[in-house]
Amino acid sequence: MLLVAALRCEAQNLLPNPSFEEADTCAVQMGFFPNGKPLHWEPISDTPDYFRSCVPPGVINGVPVNGFGHQFPHEGDSYAGMAVFLVNDYREMIGAELLEPLTIGQIYYASFWVNAAYGGPQQTGSACNKTGMLMTVNAEPWDQDMPPYPLRDFAQVFSADVISDTAAWILVSGSFVADSAYRFVVIGNHFTNANTVVQVLGPGNANKAYVYVDNVCLSPDPEGCPMWTSILDQNMDRLTLWPNPATDRLRIRLMGNKTHDLLIMDASGRQVFGQHGISEKEVVLGVKEWANGSYIAIVKGNAVQHSKRFVVIH
């Protein structure tokens, strides 16, 4: 059910250097170390990596062949990479300061592209879910004297599904309402191993999952970032839902003057909510008793359909 949108995300993107193309030098090295990381991005937990087409073919941080597998960038010549599952809750993360702080109460739309790394000499053997974007007020760059970044079992936007595709780039997206004047974004798996689902890809270290990340976007404009969505009519009334993930309540905003039918389906395709002939502009659903997991909100009306995925997590 995962659909991808071939859209660019420059419009009102609050992230600097979102596709990791800008850098001072072209270094052959692993890790986000001086002279070997994209401008404006820092290691936030341990040693994420920077993969570039400008380095000699066959080196460990090359593109498309590198120490973790084979992958062309989603766009441009570079991408980042990080371990998202290892024993003892080990994680690698990257972060950047936003171009401007978020406004409390404002809805924001976020997305990034992910690919599961596999087949390289680093012997990654598994894939996992929960790679996501965490907004923070403060984020300190990591160095070797610091402990790993603490896991919160929370992120404003993350993949509820295991990303196991080693060929295609997969879009992870979502929306949320800023409850603080966040100034930084931290990308990685912010969930503990106990709250992460792992899938074995093949021979290799089954306790190791690693992903490539490219084209990160954050915008207050619902059209500013590519979003995971199914749209049969590009001109239909817009569907907005928040917060995503939802804990207690989910707000669904239906724009336009038409009446709609609203259906909520769980990941198995079972209908968990249905209401016909809705004329209100906003519907508030209590999801406190719903099971944790991924859901689809489907709005139907006048022979058009619009759907958007959300996650419930307690």
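A quick note: this is a predicted structure, and the numbers were derived from the prediction, not measured.

We now examine the overall build of the protein. In terms of regular secondary structure, the protein is built from 0 helices and 22 strands. Taking 2.2 N^0.38 as the reference for a compact globule, 314 residues should give roughly 20 Å; the C-alpha atoms of the protein span a radius of gyration of 20 Å, in line with that estimate. By principal-axis analysis of the C-alpha atoms, the protein measures approximately 60 × 40 × 35 Å. Of all 314 residues assigned to the protein, the portion counted as buried reaches 53%. Summarising the internal contacts of the protein: among those between residues at least 6 apart in sequence, 76% fall at separations of at least 24. Entry remark: accessible area of the protein is about 13600 Å², with carbon and sulfur atoms responsible for 51%. Taking the 19 positively charged and 31 negatively charged side chains of the protein as two groups, their mean positions are separated by 8 Å.

What follows covers the confidence of the model for the protein. Scored by pLDDT, the protein comes out at a mean of 86, with 90% of its residues at no less than 70. In this model, residues 1-10 is a region of pLDDT below 50 whose contacts with residues beyond four sequence positions or in other chains number 25 contacts. pLDDT under 50 marks residues 229-237. Its contacts with residues more than four places away, or in other chains, come to 20 contacts.

Okay, the pairing of strand β2 (residues 49-52) next. Burial along β2 is two-sided: the residues D49 and F51 and Y50 and R52 are all buried. Strand direction decides the pairing type here: β2 and strand β5 (residues 78-85), joined by 4 bridges, are antiparallel. Pairing of F51 across the sheet is with Y79, part of β5.

This part is about the sheet that holds strand β20 (residues 282-286). As summarised here, the arrangement of the 3 strands in space is β16-β17-β20, forming an open sheet in which the pairing is antiparallel. Both outer strands of the open sheet, β16 (239-242) and β20, are each paired with one neighbouring strand and no more. Shown here is a sheet whose adjacent strand axes are inclined to one another by a mean of 20°, direction ignored. For strand β17 (residues 249-254) and β20, the ladder comprises 5 bridges, and the chain directions are antiparallel. Residue R253 lies in a different strand from β20, and its bridge partner there is E282.

A few words now on the nonpolar core. Counting 35 residues, the largest nonpolar core has L102, M133, V185, I187 and L218 as its most contacted members. Breaking this core down by element, the ones donating at least two residues are β5, β6 (93-97), β7 (107-116), β9 (131-136), β11 (170-177), β12 (184-189) and β14 (205-219). Of the residues forming this core, the biggest block, 5 residues, is contributed by β14. With residues up to four places along the chain from it excluded, the contact list for M133 reads L15, A110, S111, F112, A155, Q156, V157, V185, V186, I187, V216 and C217. By size, the runner-up hydrophobic cluster in this structure holds 19 residues, among which are L239, A246, L254 and F273.

As enumerated under the stated definition, the model contains 4 salt bridges in all. R253 serves as the salt-bridge partner of E282, at 3.6 Å between the closest nitrogen and oxygen. Here E282, found in strand β20, pairs with R253, found in strand β17; they are 29 residues apart in sequence, far enough to count as distant. Note on E282: relative accessible area 30%, which makes it partly exposed. Salt bridges sharing common partners tie together R251, R253 and E282.

What follows concerns the sheet that holds strand β1 (residues 41-45). One open sheet holds the 5 strands; their spatial order is β1-β6-β12-β9-β10, and the pairing between them is antiparallel. Each edge of the open sheet carries a strand with a single partner, namely β1 and β10 (157-158). As defined by bridge partners, β9 adjoins β12 across 6 bridges and the pair is classed as antiparallel. Its bridge partner being in β12, M133 is matched across the sheet by I187.

Cut-off values and rules
Residues numbered from 1 in each chain as written. Predicted model: local features only at pLDDT ≥ 70, side-chain atom pairs only at ≥ 80, totals over all residues. Heavy atoms only, no water. Helix = DSSP H or I, 4+ residues; strand = E, 2+ residues; numbered from the N terminus. Rg over C-alpha atoms; globule rule 2.2 N^0.38 Å. Buried < 20%, exposed > 50% of the residue type's maximum accessible area, 1.4 Å probe, protein only. Contact = heavy atoms within 4.5 Å. Areas by Shrake-Rupley, 256 points an atom, 1.4 Å probe, with all protein chains shown as cover. Lys, Arg positive; Asp, Glu negative; His and termini not counted. Charge placed at Lys NZ, Arg CZ, Asp CG, Glu CD. pLDDT = per-residue confidence, 0-100. Pairing = 2+ DSSP bridges. Axes fitted to C-alpha atoms, helices over the stretch in contact; angles between N-to-C directions. Core = buried A, V, L, I, M, F, W, Y, C linked by side-chain atoms within 4.5 Å. Salt bridge = Lys/Arg side-chain N within 4 Å of Asp/Glu carboxyl O.

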